[in-house]
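Each chain, written out:
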Amino acid sequence: METYEIPGLFSGNVKVYHYPSTTPSKKVLLVLKGIYGEHIPDGESWDNTLVKLLQNDYHLIFIRTSRLDGKVDREAFVGKTFEQEYTEVVNAFEYCNKNIFSNTHEWASIGVSLGGTILLASPEILSQMKLVIMVGSGCGRNPETTKPLLSTLPETKELLQSLNNYPNTFIFLHGEADTIVPSDSQRMVYDRAAKHSAKYEWVSLSNLDHSLRDSTTKQSHMTEIVELYVRNNF
């Protein structure tokens, strides 16, 4: 794993984690986790397992945006705007294109929850994707939210506009037991993509929650489901 740092727009630097493919590959996966789903190298989260399953055939990129030092979860983002967050992701993506990969590489993205919403706000990234997989991502602002970043989300109309120019494969994974992001907000994302994408699929997963965990046993199914759709489409 290789780590790169670029200047952040909020507090500290942005880190880019690159897991090079163990075999020659021109395919790159950009994985954007949810608002508090920080990628921790050598951790035990679903994304670490995904690296082990896919690294033989793909490069994987994770981005750790800037946050307040010594704080965790929502406290680490107090005062940070959504615009700062997605701009840092765009800057990190551009850094990858200029310094790590060539223009012959092909990109796919996995956007989980807010990670998918960031893709919507970033046409610079979205337009370069051959495949987009979103998991439980929404496109609306809850007026009652107190979470940092979310209170500064753009309007739904603005977020969905980027999909008007997305022509490739779009897959939406929806957990039927999701109680975090309203299903109608998720469906609006998919419906807009389906109007313009060459290939599109809505995957409704019974008894799985927002993070694709079994709502009864709490066992995560994120890794195997994401791996399946990556391999079948990219």
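Parameters at a glance
- Residues numbered from 1 in each chain as written.
- Predicted model: local features only at pLDDT ≥ 70, side-chain atom pairs only at ≥ 80, totals over all residues.
- Heavy atoms only, no water.
- Pairing = 2+ DSSP bridges.
- Helix = DSSP H or I, 4+ residues; strand = E, 2+ residues; numbered from the N terminus.
- Axes fitted to C-alpha atoms, helices over the stretch in contact; angles between N-to-C directions.
- Contact = heavy atoms within 4.5 Å.
- Buried < 20%, exposed > 50% of the residue type's maximum accessible area, 1.4 Å probe, protein only.
- Polar contact = N/O pair within 3.5 Å; in protein donor to acceptor, adjacent residues only side chain to side chain.
- Phe/Tyr/Trp six-rings, centres within 6.5 Å; stacked < 30°, edge-to-face > 60°.
- Lys NZ or Arg CZ within 6 Å of the ring centre and 35° of its normal.

Draft legend 1. Broad picture of the sheet that holds strand β4 (residues 59-64). Spatial strand order, β1-β2-β4-β3-β5-β6-β7-β8: eight strands in an open sheet with mixed pairing. Among the strands making up the open sheet, the edge pair consists of β1 (2-7) and β8 (199-205). Across this sheet, the average inter-strand angle for adjacent strands is 15°, counted without regard to direction. In the packing of helix α1 (residues 46-54) onto the sheet, contacts are made with β2 (13-19), β3 (27-32), β4 and β5 (106-112), and the angle to β4 comes to roughly 160°.

Draft legend 2. Spotlight on the side chain of Ser-66. Residue placement: Ser-66 occurs in the loop between β4 and α2 (82-99). On the accessibility criterion, Ser-66 (0% relative accessible area) is buried. Among the polar contacts made by the side chain of Ser-66, one reaches the main-chain amide nitrogen of Phe-10 at a distance of 3.5 Å. Excluding residues within four positions of it along the chain, Ser-66 makes contact with Gly-8, Leu-9, Phe-10, Ser-11, Gly-12, Asn-13, Val-14, Phe-77, Lys-80 and Glu-88.

Draft legend 3. Structural view of α1. The set of residues buried in α1 consists of Trp-46, Asp-47, Asn-48, Leu-50, Val-51 and Leu-54. Those residues of α1 that are buried lie in contact with β2, β3, β4, β5 and α7 (222-233).

Draft legend 4. Expanded view of the packing of aromatic side chains. Under the criterion given, the structure shown has 10 aromatic pairs. Plain terms: the ring middles of Tyr-4 and Tyr-95 are 5.8 Å apart, the flat faces sit at 55° to each other, and that makes the pair tilted. On the criterion of sequence distance, the pair formed by Tyr-4 in strand β1 and Tyr-95 in helix α2 is long-range, its members being 91 residues apart. Centroid distance Tyr-19 to Phe-62: 5.9 Å. Interplanar angle 85°. Geometry classified as edge-to-face. Residue Tyr-19 is located in strand β2, and its partner Phe-62 is located in strand β4; the two are separated by 43 residues in the primary sequence. There is no split in this pair, since Tyr-19 and Phe-62 are both buried. Linked through ring pairs, Phe-172, Tyr-190, Tyr-200 and Trp-202 together constitute an aromatic cluster. Taking the ring centre of Phe-234 as reference, the NZ or CZ of Lys-27 above it sits at 5.2 Å.

Draft legend 5. Quick peek at the environment of Ser-162. Locating Ser-162 in the fold gives a position in the loop between α5 (156-160) and β7 (169-175). On the basis of relative accessibility, which here comes to 11%, the residue Ser-162 falls in the buried class. If we ignore the near neighbours within four places in the chain, the residues touching Ser-162 are Leu-119, Leu-120, Pro-123 and Leu-126.

Draft legend 6. Quick peek at the side chain of Arg-67. Residue position: Arg-67 is located in the loop between β4 and α2. Note on Arg-67: relative accessible area 13%, which makes it buried. Excluding its chain neighbours within four sequence positions, the residues that come into contact with Arg-67 are Phe-10, Ser-11, Glu-38, Ala-76 and Phe-77.

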